[in-house]
Amino acid sequence: MGNKLFMGKAKLLIILFVGLWFLVFCRLFYLQVVRSEEMSRQTEEKKLRLLAIESKRGNIFDSKGRVLAADLKMFTLYAKKSNIVNPRNTAKKLSEYGFGSEERLLELLGDKAEFIRIARGISDSVVKEISVPGVYAVKEWYRFYPSRSLGRTLIGSLDWRREGILGVERQYNRILKGRDGWAYFLEVPRRSGINLLKRSENDYKDASEGCDIYLTIDLDIQSIMNQELKALKERSGAAQVMGICVAVKTGEVLAMVNYPEFDPNKGWRLNACTAWEFEPGSIFKLIPAFSYIKEGFSIRDTLVDSTTIEFGGKLFRDAHPHPAYSFRESLIYSSNANFIAVGEKIGKKEFYNTARLFGIGCKSGIDLPVEYSGKLPHLPRERDIRLATVSFGQGVSVTPLQILMAYQAVANDGILLKPRVMKSVVKNGRVIRRSGREVIRRIGSPEVCDTLLDILNDVTKKGTAISASLPLVSIAGKTGTAWKIEEGSYVKGKYISSFIGVFPYPEPEFVLGVFVDNVEYPYYYASETACPAFREITRRIVTLKGYREKFL
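These figures come from a predicted structure and were not determined experimentally.

## What about the pattern of salt bridges?
Thought 1: If you walk through the whole model with that rule in mind, you get 27 salt bridges.
Thought 2: A salt bridge links Arg 66 to Asp 62, with the nearest nitrogen and oxygen atoms 2.9 Å apart.
Thought 3: The salt bridge partner of Lys 484 is Asp 517, with a shortest N-O separation of 2.8 Å. Of the two residues, Lys 484 sits in strand 21 (residues 476–486) while Asp 517 sits in strand 23 (residues 510–520), which places them 33 residues apart along the sequence.

Have a look at this one:
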């Protein structure tokens, strides 16, 4: 009886074990054979991360095809927030690798996103050295500027989303950026300890590349101007120095320098050549002088018998004593008292209309972001005292580019052009868009311009701009020295000096301006600051290959 009971229990256990084993076998067969593909995909999906594939941004070239901005494939570091156990320790380790301060990195890691971008443009050799849990590397496009700081205010920069925030990068962002794609990325461990995110071969949409842009900028002239303005800033102690060079006949901007240039590490800044408003001083005398000649007044008549003039209830005096000047001499030696008489002769309405014709108080229309228009008082409604001060460039504000284009109009036989920096747009080696010469308006006759240029040529031969002259190239131009305004008031001992010249005279090809902000006494006259810098820039330009044949 006992044996039969034992044998019955044994058979039951055997059947039970066989049954369990069969169930396990069936389950394994179902999972590994029937659902093998589905399980494999689910396992893989746990490691996949959906990320955008950034498009390759178009290149930016100078007028001779030299690269100013390009995209390179380099690593971007991401932190996966769910894998970061101690954000402070992670921030400390990343700071030790040189990716910013611990405070900045800790702030980044506090973002709500699952994947947080830490740094761009990291080389493979650096990635191999990094060992920080929860930090991953992805190869992405990185914006590279071969000329470094040279021309960066003009060329511009990108934000973290690779959107243009300054200069050409911002103005032509849509053309340059292309169209982003997307893909799943798979986590792949590396020996270094950092995981690499590698694109899955299954689900993705490729990005579409952006277009290339060729600029009117000549990198040689840009470099020359940058070097000379840097030296001028160091020599004069100025807060900032600007320079612009434009082709007289086409309106093409050949160089545009802000020194110091934009530095991405120091934050965003405006392009002072288009967005800095200042009182121009005597370079503004071009406007009333043009109107005076156009109205048919004699350029040899004496205007004021002495160095003083009373107008609008106030006495105005020139800085230095001199004999009675004719109009021609008044411009050559830059007499404020005489130009008040010029303003009185031409009248408020004519003066105002002429200034408007030259584009004063209006944007130039250049294809760059953030351009200011300056301020031109409506003279017919103003008191006589305002007419007097505007006659010698006080009580009116301009931008460097705006006043430079006024000189361009005179040098171009009275035709004011729209300045531009984009030469052409290229897609896959084919030009799909090209810019051209664009006339804004005619401001006067060639005869009036020739007369005015002849006087401005004498300014550099025997007047206030002798220090801007060159022995082999004839120049016509005008100096300007003005008080600096801060918080609505003139600051004693601080000045803005400038010089704008056209060359070669009498058939000008270039108009070039140098503007020096916040020059301090006693070396503040344009003849001591802007003129020598202009001379050196011009001397080096005319000896460049491709230009010397035109000028020498």
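More follows now that the structure is in view.
## Brief notes about the packing of aromatic side chains
Thought 1: Across all of its chains, the model carries 19 aromatic pairs by this definition.
Thought 2: On the numbers, 5.1 Å between centres and 90° between planes, the contact of Phe 290 with Phe 358 is edge-to-face. Separated by 68 residues along the polypeptide, Phe 290 in helix 11 (residues 286–294) and Phe 358 in the loop between helix 14 (348–357) and helix 15 (384–391) bring together distant segments of the chain.
Thought 3: One aromatic cluster in this structure is built from Phe 499, Phe 503, Phe 510, Phe 534 and Tyr 547.
Thought 4: Sitting over the face of the ring of Trp 141, Lys 56 holds its NZ or CZ atom 5.7 Å from the ring centroid.
Thought 5: Positioned above the aromatic ring of Trp 141, the side-chain terminus of Lys 73 is 4.8 Å from the ring centre.

## Structural notes on unusual backbone geometry
Glycine aside, the phi torsion of most residues is negative, and most peptide linkages are trans.
Thought 1: Looking along the chain, the bond that leaves Phe 503 and enters Pro 504 is cis, with omega of -10°.
Thought 2: Note on placement: Pro 504 falls in the loop between strand 22 (489–503) and strand 23.
Thought 3: Of note, Val 370 is a non-glycine position whose phi angle comes to about 60°, a positive value.
Thought 4: Within the fold, Val 370 resides in the loop between helix 14 and helix 15.
Thought 5: Val 370 gets classed as partly exposed once you look at its relative accessible area, which sits at 27%.
Thought 6: Phi is positive for Asn 428, which is not a glycine, with a value near 55°.
Thought 7: Along the chain, the position of Asn 428 falls in the loop between strand 18 (422–427) and strand 19 (430–434).

## Considering the pairing of strand 5 (residues 135–144)
Thought 1: For strand 5, the buried fraction is high: 7 of the 10 residues fall into the buried class.
Thought 2: Strand direction decides the pairing type here: strand 3 (residues 67–80) and strand 5, joined by 10 bridges, are antiparallel. Paired with Ala 70 across the strands is Phe 144, a residue of strand 5.

## Topic: the nonpolar core
Thought 1: Counting 131 residues, the largest nonpolar core has Phe 327, Phe 358, Ile 360, Ile 403 and Val 514 as the members making the most contacts within it.
Thought 2: The element contributing the most residues to this core is helix 16 (residues 400–411), with 9 residues.
Thought 3: Excluding residues within four positions of it along the chain, Ile 360 makes contact with Phe 284, Ile 287, Ala 355, Leu 376, Val 396, Val 398, Gln 402 and Ile 403.
Thought 4: One finds Ala 79, Ile 122, Ile 130 and Val 132 within the second-largest nonpolar core, a separate group that totals 18 residues.

## Overview of empty space enclosed by the protein
Thought 1: Going through the model one piece at a time under the given rule, you end up with 2 cavities of 30 Å³ or more.
Thought 2: Here the largest cavity is characterised by a volume of approximately 70 Å³.
Thought 3: Lining the largest cavity are Thr 153, Ile 165, Leu 166, Gly 167, Arg 170, Trp 268, Leu 270, Asn 271, Leu 368, Pro 369 and Val 370.
Thought 4: Sorting the residues of the lining of the largest cavity by element identifies strand 7 (164–166) and helix 7 (167–171) as the ones contributing at least two each.
Thought 5: Its residues placed into classes, the lining of the largest cavity shows 7 nonpolar, 3 polar and 1 charged.
Thought 6: Considering the residues around the second largest cavity, the lining is formed by Leu 68, Ser 147, Leu 150, Gly 151, Leu 154, Ile 155, Ile 217, Leu 219 and Gln 222.
Thought 7: Secondary-structure elements contributing two or more residues to the lining of the second largest cavity are helix 6 (152–155) and helix 9 (219–236).
Thought 8: Grouping the constituent residues of the lining of the second largest cavity by class yields 6 nonpolar, 3 polar and no charged.

Basis of the calculations
- Numbers given for residues are sequential positions, taken from 1 along each chain in its written order.
- In keeping with the model being predicted, local features are shown solely for residues with a pLDDT of at least 70 and side-chain atom pairs are shown and tallied solely at 80 or more, while totals for entire chains, interfaces and linings include all residues.
- The basis for the side-chain values is all heavy atoms of the structure; hydrogens and waters are excluded.
- Any carboxyl oxygen of Asp or Glu that lies within 4 Å of a side-chain nitrogen of Lys or Arg is treated as forming a salt bridge with it.
- Think of it this way: any DSSP run of H or I at least four residues long counts as a helix, any run of E at least two long counts as a strand, and we number them from the N terminus.
- Each Phe, Tyr or Trp ring, with Trp reduced to its six-membered ring, pairs with another whose centre is within 6.5 Å; inter-plane angles below 30 degrees give stacked pairs, above 60 give edge-to-face pairs, and intermediate values give tilted ones.
- Ring-over charges, as used throughout, are those where CZ of Arg or NZ of Lys falls within 6 Å of the ring centre and within 35 degrees of the ring normal.
- A simple rule labels every residue: compare its accessible area, found with a 1.4 Å probe on the protein chains alone, to the largest value its type can have, and call it buried under 20%, exposed over 50%, or partly exposed in between.
- In this description, strands pair whenever DSSP reports at least two bridges between them.
- The term nonpolar core refers to a set of buried residues drawn from Ala, Val, Leu, Ile, Met, Phe, Trp, Tyr and Cys, joined through side-chain atoms within 4.5 Å.
- Any two residues having at least one pair of non-hydrogen atoms within 4.5 Å are treated as being in contact.
- Each cavity reported here is a set of points on a 1 Å grid over the protein atoms alone in which a 1.4 Å probe fits but cannot get out, each pocket an open set with protein on both sides within 12 Å along at least five of seven lines, and each lining residue one with an atom within 4 Å of a point.
- Grid points are joined across faces, edges and corners, and a volume is the space filled by probe spheres set on the points.
- Ten residues, namely Ala, Val, Leu, Ile, Met, Phe, Trp, Tyr, Cys and Pro, are considered nonpolar, four, namely Asp, Glu, Lys and Arg, are considered charged, and the remaining ones, Gly among them, are considered polar.

Keep in mind these values describe shape, not function.
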